[in-house]
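Each chain, letter by letter, is given below.
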Amino acid sequence: MKRLLIMRHAKSSWDDESIPDHDRKLNDRGVRVAPLMGRFVKQQGLSPDIILTSSASRAIKTAELFVAGYGRKIPIGIEKGLYRADVEEFCDTVREGAETESTVLIISHNPGVERWAYALTGKFESLSTASIAVIRISDKLDWFDLASRTKGELENVWRPREVLPGEQEDSAPTS
């Protein structure tokens, strides 16, 4: 069984609005939550074979902290196309970046991650920062064949406020 994990980057800082969006860093909460989500995914028995992340600073740091929390080296591919990606760009990235892996973790931004999860499952789920949608994809499908018309099954959505004790909902902008 193939699984696609779609994660929105952890909470970013808006302290300095002069910093370009692409270069924004994680805030303290994001730095705290990203490794906890890595540990949570491991506890759920999922093992990403590769992480493909947006080239934005906050997404790269989310990937690094996720891996640290997971406690096992996971290759990270930095993909420019995942910054402000649409559904087709997400699919293109997986087709080009995943090969024989059974579980692929994508880290990117809203509104793209929500739109892509909806396109694959037909179910809309709100993905607050550091949330992860787990989508099962048929083993009969090679990643090379992934397209916007591919249908998968939404297995879970894990939001930090629901799976990590003491975490609260986001209240900042949506990118």
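Residues numbered from 1 in each chain as written. Predicted model: local features only at pLDDT ≥ 70, side-chain atom pairs only at ≥ 80, totals over all residues. Heavy atoms only, no water.

Caption draft 1: Just the pattern of salt bridges, in detail. Taken as a whole and judged by the stated rule, the model has 10 salt bridges. One salt bridge connects Glu125 with Arg159, and the closest N-O pair in it is separated by 2.6 Å. Here Arg159 lies in the loop between strand 6 (153-158) and helix 5 (160-163) and Glu125 lies in the loop between helix 4 (112-121) and strand 5 (132-137), a separation of 34 residues in the sequence. Through salt bridges with shared partners, a single network forms among Arg3, Arg136, Glu153 and Glu155. (Salt bridge = Lys/Arg side-chain N within 4 Å of Asp/Glu carboxyl O. Helix = DSSP H or I, 4+ residues; strand = E, 2+ residues; numbered from the N terminus.)

Caption draft 2: Main features of the packing of helix 1 (residues 28-43) against helix 2 (residues 57-70). Close contact between helix 1 and helix 2 brings their axes to 7 Å; oriented N to C, the two are set at 50°. By the angle between their directions, the pair helix 1 and helix 2 is classed as oblique. The handedness of the crossing between helix 1 and helix 2 comes out as right-handed. On helix 2, the residues that touch Gly30, Val31, Ala34, Pro35, Met37, Gly38, Arg39, Val41 and Lys42 of helix 1 are Thr62, Leu65, Phe66, Gly69 and Tyr70. Residue classes in the contact of helix 1 with helix 2 are distributed as 8 nonpolar, 4 polar and 2 charged. (Axes fitted to C-alpha atoms, helices over the stretch in contact; angles between N-to-C directions. Parallel < 35°, antiparallel > 145°, perpendicular 65-115°, else oblique. Left-handed = near helix turned anticlockwise from the far one by under 90°. Contact = heavy atoms within 4.5 Å. Nonpolar A, V, L, I, M, F, W, Y, C, P; charged D, E, K, R; others polar.)

Caption draft 3: Focus on the nonpolar core. With 27 residues, the main nonpolar core has Leu4, Ile6, Ile106 and Trp116 as its most contacted residues. At the level of elements, strand 1 (2-8), strand 2 (50-54), helix 3 (87-97), strand 4 (103-108), helix 4, strand 5 and strand 6 are the ones that each hand at least two residues to this core. Broken down by element, this core gets its largest block of residues, 5 residues, from helix 4. Once residues within four sequence positions are removed from consideration, Trp116 is found in contact with Leu4, Ile6, Val87, Phe90, Cys91, Val94, Ile106 and Leu146. Counting 25 residues, the second-largest nonpolar core is a separate cluster that includes Val33, Ala34, Met37 and Phe66. (Core = buried A, V, L, I, M, F, W, Y, C linked by side-chain atoms within 4.5 Å. Buried < 20%, exposed > 50% of the residue type's maximum accessible area, 1.4 Å probe, protein only.)

Caption draft 4: Geometry of a negative patch on the surface. On the surface, a cluster of negative charge is contributed by Asp15, Asp16, Glu17 and Asp28. With respect to the helices, strands and loops of the structure, Asp16 is situated in the loop between strand 1 and helix 1. (Patch = residues over 30% accessible without salt bridge, like charges linked within 9 Å, V, L, I, M, F, W, Y side chains within 5 Å. Areas by Shrake-Rupley, 256 points an atom, 1.4 Å probe, with all protein chains shown as cover. Lys, Arg positive; Asp, Glu negative; His and termini not counted. Charge placed at Lys NZ, Arg CZ, Asp CG, Glu CD.)

Just geometry here; none of it tells us what the structure is for.
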